[in-house]
Amino acid sequence: MNANKRRRRWWPRSVRARAALAAALTAAIVLTGMGWWVHQEVYRQSLSVAEEKARNDLFALVDQLKQGDVPGPRRSAPYEVVATGRATAVASGGGMEAFDRSAGHVLPSPPALSAPVPEMTDGWDYAYRPLRIPDRPDYDSGSGQDLAGRTYRVLYNDIWAGQLTPEQAAALGVHPDATLRAYVVLVPDTSEEIAAAIDDMLLRAGLAGLLLIGAVAYFTVRIALRPVEAVRRLTASVTDPRERVTVPATAHEITALADTINATLQRLDHAAAQQRRFVADAAHELRSPLTTLLTSLEVALAYPERTDWPATATTAARQTRRLQALAEDLLLLARLDTGAPTTDPETIDLSALASQLSGQHLLSARKLDLICVGTGPAYVRGDRDQLERLLRNLLDNAARHAAHRVQVTVRGEDEQVVVTVHDDGPGVPAEDAERIFERFVRLDDARSRDQGGTGLGLAIARDLAHRHGGTLTLVAGDGDGGGACFELRLPQAPAPDGDPAHDADTALGPDPDPNPDSDPDPDPNPDSDPDAVSNPDSDPDRTPDPNYDRDPAAVPAPYPDPAPTPAPDPK
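(A) Local environment of the packing of aromatic side chains. Applying the stated rule across the entire model yields five aromatic pairs. With centroids separated by 6.1 Å and ring planes inclined at 75°, the aromatic side chains of Phe59 and Tyr126 adopt a geometry described as edge-to-face. Pair noted here: Phe59 is in helix H2 (residues 15-66) and Tyr126 is in the loop between strand E2 (91-93) and strand E3 (127-132), with a separation of 67 residues, a long-range link. Overall, Tyr126 belongs to the partly exposed group, its relative accessible area being 22%. The positively charged end of Arg153 is found above the aromatic ring belonging to Tyr128, 3.9 Å away from the centroid.

Below, the structure is given as structure tokens:
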């Protein structure tokens, strides 16, 4: 980490400096590419101009030679005229005269011709080739350009002396049948000088442009970040989620940032309020059984000789179980809120599980019909204990509010497993369709703790459905029976390898009672929890499963609640 910090120490931390540096680097890359293109284009254009000038000089030399005139040494481009049968140059100039003419010509002699060279229709025919100017001892550049030892592009044209009159050939100093060749050397020095001047100018302009672009980017970003700094200061000063930052009047990204911060503060405020409400509701729910337990014990201790101790112990055990169930519900909700990992998911036949729970469910003292209808195996992936608890909560809620009948239906639909639990009770008002899934929520007609519980059953059921990638909603029930209909949708899973198409136990219906001689008594305790799950095991000494929703009121009390102990006679 320290090495990375040392390597990145040169990189600025400020957003303004980073933006300016990034803009300068981008501009440098663009300007470098443009400069290279301009350099190549200027050099090509200037070289083309130099070649055009050298060609004009070549044609002028050819015209003079055809007239029998010897060209003078003053030329803008270096040239040399050589002929066959002649050791020295016919003429030279433009810098080629720096070679000693008596030492022989510099450029090679042409091949001998026996006829005139055919000309193009426009009369502008010439050839070119790269030639190296030899570095001879007789070369004296003086103050002129140094041509020796370098390779140049040379333009040339041939003339047959047979086209000339004997006088013209004699004036040129060649034989009447000789071949003359006029050379013009294309020197790129001027083009290179022009390109170098352009490069220097572009470099100066590019450096000035980079500084200007960096400065403009720096101050532009600085001005643009002023609203961000203002929002940051306001956000840093927020101590209460109910506070809000000021939204800038201009509609740009800073406005969106302020709106996002305000939305985040709104969610934090809502979460804090929900947490406060949850803590208050939990404390309120815990206080009721604690108060009952403490009162019964204090009265028993105050009047031990008048106390029915078995009944007092029964009441204390019932309230303790209620506290235990509430604590387990709160612990499960905490685990669901934190997203704690569960055991490895397994493939579960939800139809068989619903049928099994329907057969084992302990209904209330009222005679209710519980019907489970399945169209075949319905496989889902998940935790068996959590799915069992989800279905138990839905069954308990339906049994608590049903008038005569509860129906559970399991079917497959669009690669989903759909479970509906429908009761014929009073139903749920439309405005409370979502509120009933909130924690510690009980509607007005079930507000009494003699008929209702803590209000956590449906909240736990929905959280478990979401944890398994499904949904739990209140939908309109089928038929005219009214009541409430809860619909659970979970992703359908493929059938496990080796399993039959339909489990035999599911085809036979609900599981029979493993102990037909036992007749569970109806719940005599009016202090039952409406959202807790009934426990078919009535053994109070059994260790509860933390994933099993035990209803503290589902266990029949061996003794009735004690009658109120009369106050002592003051006399």
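Additional details are given in the paragraphs that follow.
(B) Quick look at the pattern of salt bridges. For the structure shown, the criterion picks out 15 salt bridges. With its nearest N and O atoms 3.7 Å apart, the salt bridge here joins Glu229 to Arg233. Highlighted residues: Glu229 and Arg233, both in helix H5 (residues 226-236), separated by four residues, approximately one helical turn. Through salt bridges with shared partners, a single ionic network connects Arg411, Glu413, Glu487 and Arg489.

(C) Region of the structure containing the confidence of the model for the protein. Confidence along the protein averages 77 in pLDDT terms, with 77% of residues attaining 70 or more. Confidence, read as mean pLDDT per element, is least for helix H11 (residues 504-507) in the protein (42) and greatest for strand E12 (residues 485-491) (93). Taken together, the stretch residues 502-571 has pLDDT below 50 and engages in 144 contacts with residues farther than four places along the chain or on a different chain.

(D) Representation of the packing of helix H9 (residues 384-401) against helix H10 (residues 457-467) within the structure. Relative orientation of the contacting elements H9 and H10 amounts to 145°, with a least axis distance of 9 Å. Both H9 and H10 take part in a crossing whose hand is left-handed. Across the interface between the two elements, Gln386, Arg389, Leu390, Asn393, Leu394 and Asn397 of H9 pack against Gly457, Leu458, Ile460, Ala461, Leu464, Ala465 and Arg467 of H10. Classifying every residue of the contact of H9 with H10 gives seven nonpolar, four polar and two charged.

(E) Main features of the sheet that holds strand E11 (residues 471-475). Pairing is mixed in the open sheet, where five strands are placed in the order E7-E9-E10-E12-E11. Each edge of the sheet is formed by a strand with only one pairing partner; in this case those strands are strand E7 (369-374) and E11. Taken pair by pair, the neighbouring strands of this sheet meet at an average axis angle of 15°, ignoring direction. Sheet topology note: the E7/strand E9 (residues 405-413) ladder contains six bridges and is parallel. The residue of E9 that forms the bridge with Asp369 is Arg405. Together, E7, E9, strand E10 (416-423), E11 and E12 form the strand contacts of H9, whose direction differs from that of E10 by roughly 25°. In this fold H10 packs onto E11 and E12, with an angle of close to 130° to the strand it touches most, E11.

(F) Representation of empty space enclosed by the protein within the structure. Here the structure, examined in full by the defined rule, presents three cavities of 30 Å³ or more. In this model, the second largest cavity occupies a volume close to 40 Å³. In this structure, the second largest cavity is lined by Glu80, Ala89, Ser92, Met96, Phe99, Asp100, Arg101, Gly104, His105, Val106 and Arg136. In the lining of the second largest cavity, the residues fall into four nonpolar, three polar and four charged.

Reading the values: rules and limits
Residues numbered from 1 in each chain as written. Predicted model: local features only at pLDDT ≥ 70, side-chain atom pairs only at ≥ 80, totals over all residues. Heavy atoms only, no water. Phe/Tyr/Trp six-rings, centres within 6.5 Å; stacked < 30°, edge-to-face > 60°. Helix = DSSP H or I, 4+ residues; strand = E, 2+ residues; numbered from the N terminus. Buried < 20%, exposed > 50% of the residue type's maximum accessible area, 1.4 Å probe, protein only. Lys NZ or Arg CZ within 6 Å of the ring centre and 35° of its normal. Salt bridge = Lys/Arg side-chain N within 4 Å of Asp/Glu carboxyl O. pLDDT = per-residue confidence, 0-100. Contact = heavy atoms within 4.5 Å. Axes fitted to C-alpha atoms, helices over the stretch in contact; angles between N-to-C directions. Left-handed = near helix turned anticlockwise from the far one by under 90°. Nonpolar A, V, L, I, M, F, W, Y, C, P; charged D, E, K, R; others polar. Pairing = 2+ DSSP bridges. 1 Å grid on protein atoms, 1.4 Å probe; cavity = no way out; pocket = protein on both sides within 12 Å on 5 of 7 lines; lining within 4 Å. Points joined across faces, edges and corners; volume = space filled by probe spheres on them.

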